[in-house]
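# A look at the structure
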Amino acid sequence: MKQILVILMIAINIFSVKAQKSIPQQASIDAIFSRWDSPDSPGGTVGIIKEGKLIFAKGYGSANLDYNIPNESQTVYRIGSTSKQFTAACVILLSQQGKLSLEDKLIKFFPDFPAYANDITIQHLLNHTSGIRDYPILARLSGLGSEDFYTDQIVKKWLTNQEELNFNPGDEYLYSNSGYWLLSEIVKSVSGVTMAEYAEENIFIPLEMNDTHFHNDHKQIVKNRASGYRPNRQGGYSISMTTLDMIGDGGIFTTVEDLAKWDASFYGSEILNNNFWGKMTRVGTLNNGKKITYASGLDVTTYKGLKIIKHSGSMVGFTAEMIRFPEVQFSVIILANRAGANPTRMAYQVANLFLENEYKKEKSTETINSDSEEVSLKPISLTKEELQGFEGEYWSSNKKISRKLEVLNDTLNYVRDNGRATQMFPISNDKFQMIGPKVPIVLVVNSTVNPKEFSLKLPNEPLSTFVAYTPLTSYSASDLDTYSGDYYCAELDVVYTLKAEEKGIMLYINGNFVGSVKQVMKDLLSRNSRMTFEFNETRDMFRLSMVRVKNLKFVKR
């Protein structure tokens, strides 16, 4: 009799999963993920939660291409930076237990750190306002590739060796994986166990998230784990995994079913109370009093008039997105085992199928830069000749990047260093609205100054000014020779070699060839418009910047 009951229960469970798929929006959801829905393609799993219930959970494509194992609702994925909310949760719980304060300084936990640790609080780390340089970028700048192995001890050495920060703590927002790695070390120091163990005992077991863990041992066997993939040049896919054991900035393995339990705790839980979620969703404040949208491992903003709480993730061959609409108790989770996917865009497409009647009308005006000035978002007409007057190469001394304004198909475009262009429509004679972003982004051009410039306000970032410049297209061999030499960075213990060769300036890191570096303007070199080398006048020293790392000092030997 017991065997019959067990069989019946299994049948009921299977039917329950199938029933979750029988919703009116089924065909439209399938269409969104149709590109993934093949046994010869990696894909992912989508979960839709309404009023605390997982109303839809379905996998698309393969979890493992070697054996054509399909993705399912119980497939386990690495979720990259979507993990950060669980790191933050551990910190918040410890603060509620009285074991730490969010105003505790970093030096309290790392007495061997440089003086900058006296000014950084745990709250700064949670909000990405610490100014600490990003360790994955430091790894790249030290010569390590995406498949190379390094340890927590090496990460700590890089951070301990830093002579300065990207900016003064609290002055700016700049996403930093280092901050969340440090938080995981703080949890370990305060609790006496690893953060993986602390989270298991205080979050995952109480919430019955039985398929979720912080993956701090790459040799650990994980049942129902998806393999990660990235597209290759042959039109197929290559395995994309990692042997790194860092957690804090990432490291969570989980399923959509477990994340649905985590989502349900937001609306009422004996384990995670309102005070806990209040701290988790309290956005950061800069030193100048301005609010940012980043809270504690979560971004708190709006979409089509509704409040959203979200975080995306990307790590090797995995991407993820989890978006919560708390006002209507609705969430979308997408976990994918393919690099280059855009789960954020797809999550909004899914949400649109359900929330069209819930969305609020957008305001007809939008603040440009936190001042009182507002502009109409109604487009106006400018001639092609007028648009061409804004064209040019522009440089930001603060962000250490170049951008191009270029007219393509009679439309002014904002062109990034990788060639990706965003169209803009004019809303006045010198203001342009970017087409596409969820939050309206306005670019303001000032053509009355020489050289001309434009300003841009991105979410969570200070107003950035880009000044027009003329890229160098020819230079003398003798000028290039002055860059040649070996340059040492004490902070990374690495040697960069620049050589003036027949095809231009070539870069070597610790003797290994990296690629060509071009001269952009006087005393400034760039590699692929990402790595920026700013030299002093005597060219015996340069400062290196790349994305989330600024002003690393290299001295000529």
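Below, the structure is looked at part by part. Worth saying up front: this structure is predicted, and the values here are computed from it rather than measured.

With that settled, the discussion passes to unusual backbone geometry. Looking along the chain, the bond that leaves Asn450 and enters Pro451 is cis, with omega of 5 degrees. Tracing the sequence through the fold places Pro451 in the loop between strand E21 (442-446) and strand E22 (453-456). Phi is positive for His128, which is not a glycine, with a value near 60 degrees. The residue His128 is located in the loop between helix H4 (122-127) and helix H5 (135-141) in this model. Overall, His128 belongs to the buried group, its relative accessible area being 1%. We note that Asp493 has phi near 50 degrees; this positive angle belongs to a residue other than glycine.

Its place among the elements puts Phe330 in strand E13 (residues 330-336). Along the backbone, Phe330 and Ile308 are 22 residues apart, and their C-alpha atoms lie at a distance of 9.7 Å. Not counting the four nearest positions on each side in its chain, Phe330 is found in contact with Ile48, Ile49, Lys50, Tyr267, Ile323, Arg324, Phe325, Ala351, Phe354 and Leu355.

Regular strands place side chains that alternate from one sheet face to the opposite one. Judged from the two bridges that link them, strand E24 (residues 485-489) and strand E31 (residues 549-556) form a sheet pairing that is antiparallel. Paired with Tyr488 across the bridge in E31 is Val555. Bridge count for strand E30 (residues 541-546) against E31 is five bridges, and the pairing is antiparallel. Bridge pairing links Phe542 to Phe554 in E31. Two successive antiparallel strands, E30 and E31, enclose a turn made up of two residues, where Val547 displays a positive phi of approximately 50 degrees.

Along the chain, the position of Thr411 falls in strand E18 (residues 411-415). Separated by 27 residues in the primary sequence, Thr411 and Lys384 place their C-alpha atoms 7.7 Å from one another. Excluding residues that lie within four positions of it along the chain, Thr411 makes contacts with Leu387, Glu406, Gln423 and Met424.

What follows covers the environment of Ile334. Take Ile334: it is sitting in strand E13. Along the backbone, Ile334 and Thr470 are 136 residues apart, and their C-alpha atoms lie at a distance of 44 Å. Setting aside chain neighbours within four positions, we find Ile334 in contact with Phe33, Trp36, Thr45, Val46, Thr319, Ala320, Glu321, Pro343, Met346 and Ala347.

Turning to the nonpolar core, a few remarks are in order. General note: in soluble globular proteins, nonpolar side chains tend to be found buried as a group. The biggest cluster of nonpolar side chains holds 103 residues, and the ones touching the most others in it are Leu106, Leu141, Trp262, Tyr496 and Phe533. Broken down by element, the residue count for this core peaks at eight residues, all from helix H3 (residues 84-96). Of all hydrophobic cores here, the second largest spans 27 residues; its members include Phe325, Phe330, Met346 and Val350.

Turning our eyes to something else, we now look at the sheet that holds strand E25 (residues 494-501). Pairing is antiparallel around the closed barrel formed by eight strands, whose spatial order is E24-E25-E26-E27-E28-E29-E30-E31. Across the sheet, the mean angle separating the axes of adjacent strands is 30 degrees when strand polarity is ignored. Relative to strand E28 (residues 524-527), strand E27 (residues 512-521) runs antiparallel, the two sharing three bridges. For Gln519, the partnering residue across the bridge sits in E28 and is Leu525.

Taking 1.5 Å per residue, 13 residues should reach 18 Å; H3 reaches 18 Å between its end C-alpha atoms and fits that length. Of all 13 residues making up H3, twelve are buried, and the element is well covered by its neighbours. The complete set of buried residues in H3 reads Lys84, Gln85, Phe86, Thr87, Ala88, Ala89, Cys90, Val91, Ile92, Leu93, Leu94 and Ser95.

So, on to the pattern of salt bridges. With the rule as written, the count across this model stands at 14 salt bridges. The salt bridge partner of Lys261 is Asp258, with a shortest N-O separation of 3.9 Å. Of this pair, Lys261 and Asp258 both sit in helix H9 (residues 256-264), three residues apart, which is roughly one turn of the helix. For Lys261, a relative accessible area of 33% puts it in the partly exposed group. On the basis of relative accessible area, Asp258 is assigned to the buried category, the value being 3%. The partner of Lys431 in a salt bridge is Asp430, with the nearest N and O atoms 3.6 Å apart. In this structure Lys431 comes out as buried when scored by relative accessible area, which is 14%. A residue is classified by how much of its surface remains accessible, and Asp430, at 28% relative accessible area, is partly exposed. Within this structure, Lys522, Asp523 and Arg539 form a network of salt bridges that share partners.

The subject of this paragraph is the packing of H3 against helix H8 (residues 195-204). Relative orientation of the contacting elements H3 and H8 amounts to 75 degrees, with a least axis distance of 10 Å. Put simply, H3 runs roughly perpendicular to H8. Contacts between H3 and H8 involve Phe86, Thr87, Ala89, Cys90, Leu93 and Leu94 from the former and Met195, Tyr198, Ala199, Asn202, Ile203 and Phe204 from the latter. The residue inventory of the contact of H3 with H8, partitioned by class, reads ten nonpolar, two polar and no charged.

What follows deals with the packing of H3 against helix H7 (residues 177-191). Packing of H3 against H7 brings their axes to within 10 Å, and their N-to-C directions diverge by 40 degrees. Judged by the inter-axis angle, H3 sits oblique to H7. You can see that H3 and H7 cross each other, and the crossing is left-handed. Contacts between H3 and H7 involve Lys84, Thr87, Ala88, Cys90, Val91 and Leu94 on the former and, on the latter, Asn177, Tyr180, Leu183, Ser184, Val187, Val190 and Ser191. For the contact of H3 with H7, the residue count by class is eight nonpolar, four polar and one charged.

For Arg527, the position within the fold is in strand E28. Buried and unpaired, Arg527 has Glu501 as its nearest opposite-charge partner, separated by 12 Å. Side-chain polar atoms of Arg527 contact the backbone oxygen of Val514, separated by 3.4 Å. Beyond its immediate chain neighbours, meaning those up to four positions away, Arg527 contacts Leu507, Val514, Gly515, Ser516, Val517 and Phe533.

The rules behind the values
- Residues numbered from 1 in each chain as written.
- Predicted model: local features only at pLDDT ≥ 70, side-chain atom pairs only at ≥ 80, totals over all residues.
- Heavy atoms only, no water.
- Helix = DSSP H or I, 4+ residues; strand = E, 2+ residues; numbered from the N terminus.
- Buried < 20%, exposed > 50% of the residue type's maximum accessible area, 1.4 Å probe, protein only.
- Contact = heavy atoms within 4.5 Å.
- Pairing = 2+ DSSP bridges.
- Core = buried A, V, L, I, M, F, W, Y, C linked by side-chain atoms within 4.5 Å.
- Axes fitted to C-alpha atoms, helices over the stretch in contact; angles between N-to-C directions.
- Expected span 1.5 Å × (residues − 1).
- Salt bridge = Lys/Arg side-chain N within 4 Å of Asp/Glu carboxyl O.
- Parallel < 35°, antiparallel > 145°, perpendicular 65-115°, else oblique.
- Nonpolar A, V, L, I, M, F, W, Y, C, P; charged D, E, K, R; others polar.
- Left-handed = near helix turned anticlockwise from the far one by under 90°.
- Lys, Arg positive; Asp, Glu negative; His and termini not counted.
- Polar contact = N/O pair within 3.5 Å; in protein donor to acceptor, adjacent residues only side chain to side chain.

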